[in-house]
Amino acid sequence: IRGAGVPENRAQAAAWFHGAAGQGDVGAEFILGLLYHPGHGVPQDYAQAAIWFHRAAHHDKHEALQYLGELYMFGLGVPQDYMQAYLWFDLAAAGARGEDLQLQEFIKARDYAAAKLSAAGLQSAQQRSEAWFSTHPTKQQRLSSLKEDR
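For clarity, every value in this text was computed on a predicted model and none was experimentally measured.

Chemist: Would you explain the packing of helix H2 (residues 26-36) against helix H3 (residues 46-58) in this entry?
Modeler: Helix packing geometry: the angle between the two helix axes and the distance between the axes. Where H2 contacts H3, the two axes come as close as 8 Å, and the packing angle between them is 160°. Between H2 and H3, the angle is such that the two are roughly antiparallel. Once H2 is placed against H3, the crossing between them reads as left-handed. Contacts between H2 and H3 pair Val 26, Glu 29, Phe 30, Leu 32, Gly 33, Leu 34 and Tyr 36 from the former with Tyr 46, Gln 48, Ala 49, Trp 52, Phe 53, Arg 55 and Ala 56 from the latter. Its residues assigned to classes, the contact of H2 with H3 shows ten nonpolar, two polar and two charged.

So this is what it looks like as structure tokens:
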């Protein structure tokens, strides 16, 4: 992207990342979301950003979670959906380090989304978050299970 040793060409970089993402490279999926979100090397397209962030999130790329939360919170490229925003920010908070300043930002955003939901909607969002963890363990959970298996 930055042109290390060659002239910067974001459009060419995007093409390379598309190829890598098509072969299942999770990092490339996430980077494509980052490129489409503001329109670096590709036309700015929040819907495409959401697609790539979803793919990266489902391949356990934690960094994609906060972007999905933002897209759903503000209805950028996806329908505005506070339940989805809650889910993605809750997952982002769960994977953040305790001392991390971002943790507080994720919690604040999650709580903002929660305040927009009915009691039943919040309960549903919390259940979705718990269901996600049953199929997508955090790095800490994976490390803990590895230690237990020893």
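Chemist: Got a minute to help me understand the nonpolar core in this structure?
Modeler: Taken as a class, soluble globular proteins show a tendency for nonpolar side chains to be buried jointly. With 40 residues, the main nonpolar core has Phe 53, Ala 57, Met 73 and Trp 88 as its most contacted residues. Within the residue set of this core, elements represented by two or more residues are helix H1 (10-22), H2, H3, helix H4 (63-74), helix H5 (82-95), helix H6 (101-115) and helix H7 (119-135). For this core, the element with the most residues is H5, which contributes ten residues. Sequence-distant contacts of Phe 53, that is, excluding residues within four places in its chain, are made with Phe 30, Gly 33, Leu 34, His 37, Ala 64, Tyr 67, Leu 68 and Leu 71.

Chemist: Explain H1 to me, please; I cannot follow it from the model alone.
Modeler: Residue pairs spaced three or four apart in an α-helix point in one direction, given the helix's 3.6 residues per turn. An ideal rise of 1.5 Å per residue puts 18 Å on 13 residues; H1 measures up with 18 Å between its terminal C-alpha atoms. Taken residue by residue, H1 has Ala 13, Ala 14 and Ala 21 as its buried positions. Here the buried residues of H1 occupy an arc of 100° about the axis, which is enough to place them on one side. In H1, those exposed residues whose orientation departs by more than 90 degrees from the buried face are Trp 16 and Gly 22. Against the buried residues of H1 lie H2 and H3.

Chemist: Is there a simple way to explain the packing of H3 against H4 in this structure?
Modeler: Their axes nearest at 9 Å, the elements H3 and H4 cross at an angle of 140°. As judged from the angle between their axes, H3 and H4 are oblique. Note on packing geometry: the crossing formed by H3 with H4 is left-handed. Counting all contacts with H3, which are made through Tyr 46, Ala 49, Ala 50, Phe 53, His 54, Ala 56 and Ala 57, the residues of H4 involved are Ala 64, Leu 65, Tyr 67, Leu 68, Leu 71 and Tyr 72.

Chemist: I tried to follow the packing of aromatic side chains on my own but got confused; where do I start?
Modeler: The geometry of two aromatic rings is summed up by the distance between their centres and the angle between their planes. With the rule as written, the count across this model stands at five aromatic pairs. Between Phe 30 and Phe 53, the aromatic rings sit 5.8 Å apart at their centres with planes inclined by 50°, giving tilted as the arrangement. With Phe 30 in helix H2 and Phe 53 in helix H3, the pair connects residues that are 23 residues apart, well separated along the chain. Taken together through their ring pairs, the aromatic side chains of Phe 30, Phe 53 and Tyr 67 make up a single cluster. Residue placement shows Arg 55 over the ring face of Trp 52; its charged tip is 4.5 Å from the ring centre.

Criteria and cut-off values
Residues numbered from 1 in each chain as written. Predicted model: local features only at pLDDT ≥ 70, side-chain atom pairs only at ≥ 80, totals over all residues. Heavy atoms only, no water. Axes fitted to C-alpha atoms, helices over the stretch in contact; angles between N-to-C directions. Helix = DSSP H or I, 4+ residues; strand = E, 2+ residues; numbered from the N terminus. Parallel < 35°, antiparallel > 145°, perpendicular 65-115°, else oblique. Left-handed = near helix turned anticlockwise from the far one by under 90°. Contact = heavy atoms within 4.5 Å. Nonpolar A, V, L, I, M, F, W, Y, C, P; charged D, E, K, R; others polar. Core = buried A, V, L, I, M, F, W, Y, C linked by side-chain atoms within 4.5 Å. Buried < 20%, exposed > 50% of the residue type's maximum accessible area, 1.4 Å probe, protein only. Expected span 1.5 Å × (residues − 1). Arc of directions from axis to C-beta. Phe/Tyr/Trp six-rings, centres within 6.5 Å; stacked < 30°, edge-to-face > 60°. Lys NZ or Arg CZ within 6 Å of the ring centre and 35° of its normal.

None of the figures reported here should be taken as evidence of function without further support.
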